[in-house]
Amino acid sequence: MNEQERSRVVADEAATERDYSKALEQKTKEAQRLVNESLNNTWTTAPSVESPMNGELVGRVALDSPSEDIDGASEFYVGTAKHETADYQVFNWTASIAACTFYGQPADRENLQVMSELVAGVRVFGHRNGELSDFEDAFLGAETDDLFPKRVLQIPRAPGFASRPPIASTPVDFATQDDITPSSSKSPVEVAPETPDTLHGEDSQPPTVLPPTKMPGPALRAPGLLRRELAAPKKAAMSAVLATLQVDQYEAITKNGTTSQILQGHPGTGKTIIAAHRAAYLLRDEAPDDERIRSHVLVIGPTNEYVDHIRTALSGLIDDDRRYEVTSIPTLLEQLSELPPSTVPTQTLTYQDVDLELAKLVDLAYSRSRSNSELGERPDRATIYAELVWLLQDPPDDGLNPEWVTYLRSLPGTYDELQRQKTFRHRGLLAYIGIRAERQPRYPGHIIIDEAQDLHPIEWEVLGRLGNSGGWTILGDLNQRRTDHTFSSWDRVATLLAIEDENGHAPVQNLQRGYRSTAQIIHFANQLLPREDRILYSLQQDGERPTVTRIPAAGELIGAAIGAAEDLCARVGEGSVAVITTDALAFSRALQKRGWLLDNADTYVWRKGDRRLRLLPPERARGLEFDGVVVVEPADFPENAGRLGVLYTALTRANRLLTVIYHRALPKGLKAR
Ligand SMILES: Nc1ncnc2c1ncn2[C@@H]1O[C@H](COP(=O)(O)OP(=O)(O)OP(=O)(O)O)[C@@H](O)[C@H]1O
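All values derive from a computational prediction rather than experimental measurement.

Cut-offs applied
- Residues numbered from 1 in each chain as written.
- Predicted model: local features only at pLDDT ≥ 70, side-chain atom pairs only at ≥ 80, totals over all residues.
- Heavy atoms only, no water.
- Helix = DSSP H or I, 4+ residues; strand = E, 2+ residues; numbered from the N terminus.
- Contact = heavy atoms within 4.5 Å.
- Areas by Shrake-Rupley, 256 points an atom, 1.4 Å probe, with all protein chains shown as cover.
- Phe/Tyr/Trp six-rings, centres within 6.5 Å; stacked < 30°, edge-to-face > 60°.
- Buried < 20%, exposed > 50% of the residue type's maximum accessible area, 1.4 Å probe, protein only.
- Lys NZ or Arg CZ within 6 Å of the ring centre and 35° of its normal.
- UniProt positions renumbered as here; feature names shortened; annotations may be inferred.
- Core = buried A, V, L, I, M, F, W, Y, C linked by side-chain atoms within 4.5 Å.
- Near = heavy atom within 4 Å.
- Polar contact = N/O pair within 3.5 Å; in protein donor to acceptor, adjacent residues only side chain to side chain.
- Nonpolar A, V, L, I, M, F, W, Y, C, P; charged D, E, K, R; others polar.
- Salt bridge = Lys/Arg side-chain N within 4 Å of Asp/Glu carboxyl O.
- Pairing = 2+ DSSP bridges.

Of regular secondary structure, the chain possesses 17 helices and 24 strands. Contacts in the chain between residues at least 24 apart in sequence constitute 74% of all its contacts with a sequence separation of at least 6. With the model as given, the accessible surface of the chain reaches about 29000 Å², and the carbon-plus-sulfur share is 49%.

This part covers the packing of aromatic side chains. Enumeration according to the criterion identifies 7 aromatic pairs in this entry. Taken together, a centroid distance of 4.4 Å and an interplanar angle of 10° make the contact between Phe102 and Tyr250 stacked. Here Phe102, found in the loop between strand 4 (89–92) and strand 5 (113–114), pairs with Tyr250, found in helix 3 (residues 247–253); they are 148 residues apart in sequence, far enough to count as distant. Both residues of the pair, Phe102 and Tyr250, count as buried. Relative to Tyr407, the ring of Trp404 has its centre 5.4 Å away and its plane inclined at 75°; by these criteria the two rings are edge-to-face. Residue Trp404 and its partner Tyr407 are located together in helix 9 (residues 402–410), separated by 3 residues, close to a single helical turn. With relative accessibility at 5%, the residue Trp404 sits in the buried group. Among the aromatic side chains, those forming a connected cluster through ring pairs are Tyr77, Tyr88 and Phe125. The ring of Phe135 has Arg6 lying over it, and the distance from NZ or CZ to the ring centre is 4.2 Å.

Per the UniProt record, "binding site: ATP" (unreviewed entry) is found at Gly265, His266, Pro267, Gly268, Thr269, Gly270, Lys271 and Thr272. By the secondary structure assignment, His266 is in the loop between strand 10 (261–265) and helix 4 (271–282). Aside from chain neighbours lying at most four places away, what touches His266 is Lys271, Asp477, Asn479, Gln480, Leu511, Leu529, Asp533, Ile535, Leu536 and Tyr648. Assessed through its relative accessible area of 11%, Gly268 is described here as buried.

Within the largest apolar cluster, 54 residues are counted, with the highest numbers of intra-cluster contacts made by Tyr385, Leu388, Leu429, Ile449, Trp460, Leu463 and Ile474. The element contributing the most residues to this core is helix 11 (residues 427–437), with 7 residues. Excluding anything up to four places from it in sequence, Leu388 contacts Leu361, Val362, Ala365, Leu408, Leu411 and Leu429. Judged by nonpolar contacts, the second largest core, of 51 residues, contains Ile97, Ala279, Ala280 and Val297.

Glancing now at the site of the ligand. Near the ligand there are 23 residues, and of these Thr244, Lys271, Thr272, Glu625 and Arg653 occur at the shortest range. A distance of 2.8 Å separates a nitrogen atom of the ligand from a polar atom in the side chain of Gln249. In the model, an oxygen atom of the ligand is placed 3.1 Å from a nitrogen or oxygen of the Thr269 main chain. For the ligand, whose accessible area on its own is 630 Å², the fraction buried by protein is 98%. Elements with a contribution of two residues or more to the shell around the ligand: helix 2 (223–231) and helix 4. When residues in the shell around the ligand are grouped by element, the largest group, 3 residues, is from helix 4. Taken together, the residues of the shell around the ligand sort by class into 7 nonpolar, 10 polar and 6 charged.

Turning our eyes to something else, we now look at the pattern of salt bridges. Applying the stated criterion across every chain yields a total of 31 salt bridges. Here Glu338 and Arg381 are joined by a salt bridge, their closest N and O atoms 3.5 Å apart. One end of the pair, Glu338, is in the loop between helix 6 (329–337) and helix 7 (356–372); the other, Arg381, is in helix 8 (residues 381–390), and 43 residues separate them in sequence. A residue is classified by how much of its surface remains accessible, and Arg381, at 14% relative accessible area, is buried. Across the salt bridge formed by Arg622 and Glu619, the nearest N and O atoms sit 2.1 Å from each other. Look at Arg622 and you get buried, because its relative accessible area is 5%. Linked by salt bridges that have partners in common, Glu13, Arg60, Glu75, Arg123 and Asp137 make up one network.

Let's shift gears to the pairing of strand 19 (residues 577–580). Where burial is concerned, the two faces of strand 19 agree: the one with Val577 and Val579 and the one with Ala578 and Ile580 are both buried. Of the pairings in the sheet, the one linking strand 19 to strand 23 (residues 626–632) comprises 4 bridges and is parallel in character. Pairing of Val577 across the sheet is with Gly628, part of strand 23.

This part covers the environment of Leu220. Note on placement: Leu220 falls in the loop between strand 9 (213–214) and helix 2. Relative accessible area serves as the criterion here: at 1%, Leu220 is assigned to the buried category. For the pair formed by Leu220 and Leu539, sequence separation is 319 residues and the distance between their alpha carbons is 9.9 Å.

In structure tokens:
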């Protein structure tokens, strides 16, 4: 198909999408009108109808022959909601008929039957700024000129589309879709020796082409479209990626709601994408009765920034926002602890602050206080805590280990005192006492936890007592652990939640394909990992080397970093830029001096003219991503158990461009090899 024909197809499909989207909007308005009418003569306030889904087309399926099951049509669309007109039919992406859209490989053709007809091919759509602007066809049967030669719908054509160029403005040209570069092969990044003003980047060296290697996992769906989407500038908040979901992602997303799974994946392997789409799938209208989630899906992330990040994708995928709750772990723990919201992460002083043994002692205190109460009622928080401290006088039958005697002695005498201290150290304990005392459990129908590597043992116990009536979807990366007071293996989590598979193992699936960061960025960051953990295949090979610059005078470090950030702002255009630093305060002052203004609505966003950047302490950057990232003074990033998980996370927030500015020596792992 030539360029002109492609433009025509895009314009036609975009017109269909506008028609579809308008029709869905109309449907919602009509439903609201009916509700209003029926309540017209009452004093009741009219309930609002669910918010309209943004009608987005995901794909289009061509069949070999007309199918009676779809009213004699030989094709149908897949979109964000079901809709039917005389000219076309759209099925929801969650419907089982839509599954063929996500399995479009010629090799699978024999298994790809929709009703009794074979799938001839699948067209997948790409979007920019909410407009259908791109597509890719996969022919599963014989290749023809056009999968959909006859236009079904006669709608005036939209003006020709202009797709936005990818940031590096280099067209992606991959030899074959299965050839991909393992980021564990020899690093293309040479870190600057510690001499002043040495820059390694696109200006100094051409991008290194790495030898192709077989990519792990199933063959890519819509590989060209996927790579164009990955290279395009990213919005601040996450969007749904329905059209380019890959087969392994689709399979994890569409598992039965009672199934529990743990998805372990390096940075950018699509864990948050799976989390958001899984929530939407579990709440689908088409779910058979025995799979229907009766209550709500609870999605838990690490920070409030993460919650904002994923919320946009969730609201685009799920029309009824009462069916899911998305919260951060600090917020959840604070609610249960009856503490004011703080957003600060748990900060342990000793392993005992969050240990499972502490939860066991609380359990004992709970059962003692319950049996002491006259009617066997559920005790309140203060009573449970008093019993916990009383264990020093009346220890458990098998005694109290001296370490625990010392620990219990170090705790304040009363629950009020403990709560007044508001230390983030004891929040897990407060929350666990809180959940034991809670009279109205939340009873979610499925729990999804992202960045789960950062949950402490007692916090897992808290989650285990939320009354989950369905399965667990747990997503995380043990390499990104921030402290050694969290579990170092998923087996421990599986045992605690009793979700081991039939062989007694944690149901772990490893995600090995990196979507976010270029191979060059992954190579650079991977130097911080033990050799055996450097298994990640980046789908973006065409990046440039991270720029690593030593600033000789400490006093000039921040100025140089701001300069680097301004440079990235200019390069990414509409894309996003972040500075990740452990000294955000000093950085804020310097930004102000250079004419940057703090955004009124978001305390981490700074603006200067039409430029915008986020200034983030490492903690706040978790789970986020940006087209360009400046990481300042890596030596200041904290280490745990000999690993630099915090720095590793910061470096891997970058999608396409990474700049490291430093004065003190780089951490050992980041030296040139
Ligand atoms: N199938 C896909 N199609 C298009 N983009 C995708 C796909 N899967 C993932 N991505 C993109 O890859 C990027 C990284 O995905 P995501 O944030 O889910 O990774 P992650 O594993 O949660 O990373 P981290 O652990 O570092 O936070 C996002 O921009 C996401 O939109």
